[in-house]
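Coordinate inspection notes
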Amino acid sequence: MLAELPPVRGVFHLAGSIADAMITQVSAEDFGRTYSSKVLSAKNLLENLDGLDFAVFFSSVSACFGFHGQAAYAAANAALDELCRSYRKSGVPVILPHWGAWALGKGSAYAGEKAEALPGLLFRQPGEQDISAMRAFEGSAALKLLGTVLSSPLTDPILIGL
């Protein structure tokens, strides 16, 4: 059955796992889960898919700026960035958008207390005043922006809502 399918020509990698904790409190298990969901899964795709026309790997602005309480997530995204850049140097057409926060609805894993932090891109803890000038992307706006990125020559854009 697999032999009858056409080859995979492109891939979108949107995987991620967050283990919110200060760097001194990140466990090896938390780091491993966050790292494997971002980096090892991306490496698996890149090693096993040849001849791609495009490869889009969602990274986070946390890799560029770091965020309070997200040491493992920032490190995993920074490692993903380096992995993707190394494959790009070898000719794989990798696009690596670094996303700010997306607005999340009631059904998300971040409903409730954690959702309080996301619109301010995790610059605040629930109950604290928001000190960020960044806004979360609504789904339709984020998808429109993704379309703009994919039709541009940009390879490593930083996408934040202001």
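Here's a quick rundown of the structure. (Residues numbered from 1 in each chain as written. Predicted model: local features only at pLDDT ≥ 70, side-chain atom pairs only at ≥ 80, totals over all residues. Heavy atoms only, no water.)

Topic: the pairing of strand β1 (residues 10–13)
Only one face of β1 is covered, namely the face carrying V11 and H13; the face carrying G10 and F12 is uncovered. In this fold, the crossover linking β1 to strand β2 (residues 54–57) by way of helix α1 (residues 28–48) has right-handed handedness. (Buried < 20%, exposed > 50% of the residue type's maximum accessible area, 1.4 Å probe, protein only. Helix = DSSP H or I, 4+ residues; strand = E, 2+ residues; numbered from the N terminus. Right-handed = clockwise from strand over helix to strand, strands pointing away.)

So, a nonpolar patch on the surface
A cluster of nonpolar side chains, contributed by F12, L14, F54 and L150, occupies part of the molecular surface with about 350 Å² of accessible area. Looking at where F12 falls in the secondary structure, it is placed in strand β1. (Patch = residues over 30% accessible without salt bridge, like charges linked within 9 Å, V, L, I, M, F, W, Y side chains within 5 Å. Areas by Shrake-Rupley, 256 points an atom, 1.4 Å probe, with all protein chains shown as cover. Salt bridge = Lys/Arg side-chain N within 4 Å of Asp/Glu carboxyl O.)

As for the environment of A79
Of note, A79 is situated in helix α3 (residues 71–89). Once residues lying within four places of it in the same chain are set aside, the contact partners of A79 are Y35 and V39. (Contact = heavy atoms within 4.5 Å.)

Structural notes on the sheet that holds strand β4 (residues 94–95)
Across the sheet, 3 strands lie side by side as β1-β2-β4; this open sheet has parallel pairing. Strand pairing shows two members of the sheet lacking a second neighbour, β1 and β4, which therefore form its edges. Sheet topology note: the β2/β4 ladder contains 2 bridges and is parallel. Considered in β4, the bridge of V56 is made with I95. In the packing of α1 onto the sheet, the strands contacted are β1 and β2, and the crossing angle to β1 comes to about 175 degrees. (Pairing = 2+ DSSP bridges. Axes fitted to C-alpha atoms, helices over the stretch in contact; angles between N-to-C directions.)

Some words on the pattern of salt bridges
Considering all chains together, one arrives at 7 salt bridges under this definition. In this structure, E47 and K43 form a salt bridge, with 3.8 Å as the shortest nitrogen-oxygen distance. In this pair, E47 and K43 both sit in helix α1, 4 residues apart, roughly one turn of the helix. Of the charged contacts in the structure, one is a salt bridge between R85 and D156, with a shortest N-O distance of 3.0 Å. Within this pair, whereas R85 is found in helix α3, its partner D156 is found in the loop between α5 (139–150) and β6 (158–159), the two being separated by 71 residues in sequence. Under the relative-accessibility criterion, D156 is labelled partly exposed at 22%. What you see here is one network of salt bridges that share partners, running through E82, R85, R88 and D156.

Notes on α3
Between its first and last C-alpha atoms α3 spans 27 Å; for 19 residues at 1.5 Å apiece the expected length is 27 Å, and the two agree. When we look at burial in α3, the residues that qualify are A72, Y73, A74, A76, N77, L80, D81, L83, C84 and Y87. As for α3, its buried residues are in contact with α1, β2, β3 (59–60), α2 (62–65), β4 and β5 (98–99). Among the residues trailing α3, G91 stands out with phi positive, at a value near 105 degrees. (Expected span 1.5 Å × (residues − 1).)

Comments concerning the packing of aromatic side chains
Two aromatic rings are characterised by how far apart their centres lie and by the angle between their planes. Under the definition given, this model contains 3 aromatic pairs. When the centroid spacing of 5.6 Å and the interplanar angle of 65 degrees are considered together, the rings of F12 and F54 count as edge-to-face. Taken together, the positions of F12 in strand β1 and F54 in strand β2 put the pair 42 residues apart, joining distant regions of the chain. F12 gets classed as partly exposed once you look at its relative accessible area, which sits at 41%. When the centroid spacing of 5.8 Å and the interplanar angle of 25 degrees are considered together, the rings of F31 and Y35 count as stacked. Of this pair, F31 and Y35 both sit in helix α1, 4 residues apart, which is roughly one turn of the helix. (Phe/Tyr/Trp six-rings, centres within 6.5 Å; stacked < 30°, edge-to-face > 60°.)

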